[in-house]
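Take a look at the letters that make up each chain.
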Amino acid sequence: MNDMTPTREQRTAALEGMGCKRKRVEDIRFTQGKGNYVDDLKLPGMLHGDFVRSPHAHARVKSINSEEALKVPGVLAVITAETLKTVNLAWMPTLAGDVQMVLADGKVLFQNQEVAFVVATDRYAADDGINKVVVEYEPLPVVIDPFKAMDKDAPVLREDLAGKTTGAHGPRKHHNHIFEWTVGDKDLTDAAFRKAEVTIKEMISYHRTHPSPLETCQCVCSFDKIRGELTIWGTFQAPHVIRTVVSLIAKLPEQKIHVISPDIGGGFGNKVGAYPGYICAAVASIVTGKPVKWVEDRIENLTATSFARDYHMTTEIAATKEGKVTGLRVHVLADHGAFDACADPSKWPAGFFNIVTGSYDFPTAHLSVDGIYTNKAPGGVAYRCSFRVTEAAYCIERGMDILAQKLKMDPAELRLKNFIKAEQFPYHSALGWEYDSGDYHTAMKKMMESVDYAGLRKQQAEKRAAFKRGETREIMGVGVSFFTEIVGAGPSKNCDILGIAMFDSCEIRMHPTGAGIARVGSKSQGQGHETTWAQIIATEIGIPADNIMVEEGNTDTAPYGLGTYGSRSTPVAGAAIAMAARKIKAKAQMIAAYKLEVHEDDLEWDIDGFRVKGLPEKTMSMKDICWAAYNSVPPGLEPGLEAVSYYDPPNMTYPFGAYICVMEIDVDTGVYKIKRFYALDDCGTRINPMIIEGQVHGGLTEAFAIAMGQEIRYDPEGNVVTGSFMDFFMPTAVETPHWETDFTVTPSPHHPIGAKGVGESPNVGGVPAFSNAVNDAFSFLGSTHIQMPHDYWRNWKAAKSLGVFA
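Right, let's talk about the sheet that holds strand β34 (residues 740-743) for a bit. The strand order across the open sheet formed by 4 strands is β22-β32-β33-β34, and the pairing between neighbours is mixed. The open sheet is flanked by β22 (474-484) and β34, the only strands paired with a single partner. The mean inter-strand angle of the sheet, taken between neighbouring strand axes irrespective of direction, is 10 degrees. As judged from the 10 bridges shared by strand β32 (residues 656-666) and strand β33 (residues 672-682), these two strands associate in the antiparallel manner. The partner of Ile 660 across the bridge, within β33, is Tyr 678. Along the sheet, helix α16 (residues 689-708) contacts β32, β33 and β34; its crossing angle with β33, the most-contacted strand, is approximately 135 degrees.

Turning next to a negative patch on the surface. A cluster of acidic residues, Asp 122, Asp 127, Asp 128 and Asp 297, forms a negative patch on the protein surface. For Asp 122, the position within the fold is in the loop between β7 (114-120) and α4 (123-130). The class for Asp 122 is partly exposed, based on a relative accessible area of 31%.

A separate point is the sheet that holds strand β6 (residues 107-108). The 3 strands lie next to each other as β6-β2-β8, forming an open sheet whose pairing is antiparallel. Of all the strands in the sheet, just β6 and β8 (134-139) have a single pairing partner and so form its edges. Across 6 bridges, strand β2 (residues 59-65) lies against β8 in antiparallel orientation. Residue pairing for β8: Val 61 is matched across the bridge by Tyr 137.

A separate point is the pattern of salt bridges. Applying the stated criterion across every chain, the model contains 57 salt bridges. Among the salt bridges present, the one from Glu 664 reaches Lys 463, with a minimum N-O distance of 3.3 Å. Here Lys 463 lies in helix α12 (residues 453-468) and Glu 664 lies in strand β32, a separation of 201 residues in the sequence. Across this residue pair, the class does not change: Glu 664 and Lys 463 are buried.

Turning our attention to the packing of aromatic side chains. This model, assessed by the stated rule, comprises 39 aromatic pairs. Ring centres 5.7 Å apart and planes at 10 degrees place the aromatic pair Tyr 360 and Phe 419 in the stacked group. Of this pair, Tyr 360 sits in the loop between β18 (325-335) and β19 (365-372) while Phe 419 is found in the loop between α10 (411-418) and β20 (427-428), placing the two residues 59 residues apart along the sequence. Looking at Tyr 360, the relative accessible area reads 1%, which means it is buried. For Phe 419, a relative accessible area of 1% gives the class buried. Measuring from centroid to centroid gives 6.2 Å for Trp 739 and Phe 770, while their planes differ by 75 degrees, and the two rings are edge-to-face. Of this pair, Trp 739 sits in the loop between α16 and β34 while Phe 770 sits in helix α17 (residues 761-779), placing them 31 residues apart in sequence. Taken together, the aromatic side chains of Phe 483, Tyr 659, Tyr 672, Phe 677, Phe 704, Phe 729, Trp 739, Phe 770 and Tyr 792 make up a single cluster linked through ring pairs.

In this chain, Ala 489 is followed by Gly 490 through a cis amide linkage whose omega measures -25 degrees. In this structure, Gly 490 sits in the loop between β22 and β23 (496-497). Omega for the bond connecting Met 788 with Pro 789 falls within 30 degrees of zero, at -10 degrees, which places this linkage in the cis form. Structurally, Pro 789 is set in the loop between α17 and α18 (792-801). The phi angle at Asp 310 is positive, at roughly 65 degrees, despite the residue not being glycine. Looking at the secondary structure, you find Asp 310 in strand β17 (residues 308-319). The phi dihedral of Ser 567 falls on the positive side, at around 55 degrees, and the residue is not glycine. Examined against the element boundaries, Ser 567 turns out to sit in the loop between β27 (548-551) and α14 (569-596). For Ser 567, a relative accessible area of 9% puts it in the buried group.

We now examine the state of the cysteines. Taken as a whole and judged by the stated rule, the model has 0 disulfides. With no disulfide of its own, Cys 495 has Cys 385 as its nearest cysteine by sulfur position, at a separation of 14 Å. Relative accessible area serves as the criterion here: at 0%, Cys 495 is assigned to the buried category.

The subject of this paragraph is the pairing of strand β13 (residues 218-224). Note on strand geometry: in a regular strand, side chains alternate between the two faces of the sheet. Across the 7 residues that make up β13, a large majority, 6, are buried. Bridge count for β13 against strand β16 (residues 292-295) is 4 bridges, and the pairing is antiparallel. From the neighbouring strand, Gln 218 faces β16, where its bridge partner is Val 295. Sheet topology places β13 next to strand β14 (residues 229-234); 6 bridges connect them, and they run antiparallel. Bridging from a neighbouring strand, Cys 219 pairs with Gly 234 of β14.

Turning next to the environment of Arg 158. Relative to the helices and strands, Arg 158 resides in the loop between β8 and β9 (166-167). What makes Arg 158 buried here is its relative accessible area of 1%. For Arg 158 and Leu 109, which are 49 residues apart along the polypeptide, the C-alpha to C-alpha distance reads 8.3 Å. The contacts of Arg 158, once residues within four sequence positions are left out, are Trp 91, Asp 98, Val 99, Leu 109, Ala 338, Phe 339 and Tyr 373. Among the polar contacts made by the side chain of Arg 158, one reaches the main-chain carbonyl oxygen of Ala 338 at a distance of 3.4 Å.

Moving on: the nonpolar core. If you look at the biggest cluster of nonpolar residues, it comprises 183 residues, and the most contacted ones within it are Met 313, Phe 352, Phe 353, Met 444, Met 663, Phe 677 and Phe 770. Here this core gets 11 residues from one element, more than from any other, and that element is helix α9 (residues 389-407). With sequence-adjacent residues up to four places away left out, Phe 677 is seen in contact with Tyr 659, Ile 660, Cys 661, Leu 700, His 738, Trp 739, Glu 740, Gly 766, Ala 769 and Phe 770. Membership of the second largest hydrophobic core comes to 47 residues, among which are Cys 506, Trp 533, Ile 541 and Ile 607.

For the rest of this paragraph, the subject is α18. Within the span of α18, buried status applies to Arg 794, Asn 795, Ala 798 and Ala 799. Down the axis of α18, the buried set is contained in an arc of 140 degrees. They therefore lie on one face. In this structure, α18 carries Trp 793 and Ser 801 as exposed residues pointing more than 90 degrees from its buried face. At its buried positions, α18 is contacted by β32, β33 and α17. Positive backbone phi, at 80 degrees, marks Gly 803, one or two positions downstream of α18.

The next subject is the side chain of Thr 364. Turning to its location among the elements, Thr 364 is positioned in the loop between β18 and β19. Given the relative accessible area of 5%, Thr 364 is considered buried. Among the polar contacts listed, one links the side chain of Thr 364 to the side chain of Thr 189, at a separation of 2.9 Å. Apart from residues lying up to four places away in sequence, Thr 364 is in contact with Asp 185, Leu 188, Thr 189, Ala 192, Thr 326, Gly 327, Leu 328 and Ala 430.

Okay, the pairing of β2 next. Judged from the 2 bridges that link them, β2 and β6 form a sheet pairing that is antiparallel. Paired with Ala 59 across the bridge in β6 is Val 108.

Quick look at the environment of Val 287 now. When you line up the elements, Val 287 lands in helix α7 (residues 276-288). In sequence terms Val 287 and Phe 223 are 64 residues apart; their C-alpha atoms lie 8.8 Å from each other.

Interaxial distance between α12 and α17 falls to 11 Å at its minimum, and their mutual angle equals 45 degrees. One element, α12, and the other, α17, form an angle in the oblique class. From α12, Arg 457, Gln 460 and Arg 464 reach across to α17, where they touch Asp 776, Ala 777 and Ser 779. Grouping the amino acids of the contact of α12 with α17 by side-chain chemistry returns 1 nonpolar, 2 polar and 3 charged.

Quick notes on the rules
- Residues numbered from 1 in each chain as written.
- Predicted model: local features only at pLDDT ≥ 70, side-chain atom pairs only at ≥ 80, totals over all residues.
- Heavy atoms only, no water.
- Pairing = 2+ DSSP bridges.
- Helix = DSSP H or I, 4+ residues; strand = E, 2+ residues; numbered from the N terminus.
- Axes fitted to C-alpha atoms, helices over the stretch in contact; angles between N-to-C directions.
- Contact = heavy atoms within 4.5 Å.
- Patch = residues over 30% accessible without salt bridge, like charges linked within 9 Å, V, L, I, M, F, W, Y side chains within 5 Å.
- Areas by Shrake-Rupley, 256 points an atom, 1.4 Å probe, with all protein chains shown as cover.
- Salt bridge = Lys/Arg side-chain N within 4 Å of Asp/Glu carboxyl O.
- Lys, Arg positive; Asp, Glu negative; His and termini not counted.
- Charge placed at Lys NZ, Arg CZ, Asp CG, Glu CD.
- Buried < 20%, exposed > 50% of the residue type's maximum accessible area, 1.4 Å probe, protein only.
- Phe/Tyr/Trp six-rings, centres within 6.5 Å; stacked < 30°, edge-to-face > 60°.
- Disulfide = S-S within 2.5 Å.
- Polar contact = N/O pair within 3.5 Å; in protein donor to acceptor, adjacent residues only side chain to side chain.
- Core = buried A, V, L, I, M, F, W, Y, C linked by side-chain atoms within 4.5 Å.
- Arc of directions from axis to C-beta.
- Parallel < 35°, antiparallel > 145°, perpendicular 65-115°, else oblique.
- Nonpolar A, V, L, I, M, F, W, Y, C, P; charged D, E, K, R; others polar.

This is the structure we're talking about:
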């Protein structure tokens, strides 16, 4: 062999394929300030729009006077609901089967609701204009407490639904009721509780929070009156869905609508749905014939765009005295705000909350969810989680800790006793899911050994003894969390949005020189798709990742896809990429066989090309095959080398993880210190370990924020009291703890490359780990459950209520 011939290891490394810590190619432009965001877009003659917003949470709109606003230099138009009614756009459909006001139609239902849209030559004129619009309101009684929304005397919020006893998801039992959703065997579960030796029951609330991405929601709409075409640049996590929604709302032919998502500064679920700003900017462009830009500010983003969580979960677990669980019963009161605008697959009004059995072998379970309207902003998006999965994980993980406390068992040992065993997979849960794979015991034991779990418990016992002796005022908590997430929405048998199945897509086109382009139906908002998608293709077809360009976000060029959210990119789009690459490889094999003058079956794949079995010196590289595809293909075979794949997954994927948080809390001040946080994730096949680690760090930081203070809070009149970063906790590098990461690998048996997804997992598992640490710290003082968020003030109040200042 020639000494210059690359080894197999060198050839593999040159591809930078799956498993390689390839640097993010996106960062070349981002670190130099060369990203291309919506607000960077400047078009000739572009106008700007801004909203008049309601100061009231519930009020009738008696009149809107825009006379003075139209006198402001630069103000061109003031659009109201009455304007929109002339083109039948006063209301728009939501992704959850409800309808929502675009602009206030007769009344407002939450503070900062959009009332009028002012169009002006620049943002300053628009802002001056909104301050001159005079709106007369008649305040109405407010419903903020979800537990009072269905009282007999509760005010009617949605007058447009008067007399309607059914909604998109079945019967309504109150004028502020949206749906009731049940799953599981109620009779069998009730029987398990009657026979149970031990039961627990606790109200576990997951407070309202907000994704708060770095870049707020925004768009530029440009209508070409000559061609009758509308182009929309926007912060869209699912651009094809936006195109379809706009077509349905505006009655424009879909081929005349062009949606482009450029670089996006974070999404986290906040940018999945359609907002009034998109509709109003489009209408303003159609009316004026000029491009119109809408960019919201931070207060508008926090107070009026889609929230997350606000689930109030009455949780019951039945068990034996030895700690074997025998039944689970959960009722959820789901606060959806003024409109049901959840970004859930439409067959599941509570998302995938029925993953609430978690990682445990419950013989029977029953779940019921009641969705209700309140005078809060609409939403209910999957903030760095799959649909309602983080609520479910928090529910069961707090429940298991509460059960352990009642049984006087170690929480890790209780989990080990009840895990689904490796040999039980594929496992059918009591609430209807088929878990594809898992090895929970191995992951849990690796976590316990890595952190010296027994040593931590010994240290905690010593700390508690010192507290009782008065030698310290700090208490120590060890928070264990083990989660199973359900991601990869999804199989068309389970999932659709607006009736569109939740497949995803990829088109790969190889050029004669051995380079190529992949256009994908997903849309990155920081996940590193341009890096990892090329790595999948590199491994599959033997072309270096650096020679593959990845393009997303343009509905004119990308095949129809359902976008990026809920950790669906790798499970669905990643699979579509692999399948498209395999179609490329199959055609390449035919070409190679023709050129090497052998039968296709006589070839075998070898890293970056094909070789003849038994004759390793007789080879053809993939780069050479690309050239041959354009000049000497076999007779009857079309020239070129490209493929398209639409992938409808047969099942969801089920990543899992074992997390532990060690925390100390000063009872006199409520101040906490995160002493250690260890996160072990199993996301199946690992495409890029560096990007996985970055995703875990980001998700844990958001979990830390949510658990320890991040909250959208309202006063009794419906005013948002955490509507800016002055009050809404946004951790910086100063507050963020150090993260230890680890992994096991249990590939998905049905995914083409065995991958499961990881971007949402650290938020799903991190929140209960933090909360369990706080609750574990206070448990020896007599506490059973302290609600999130666990900020300093609430920790101090918890200590006070437990009598530590006596």
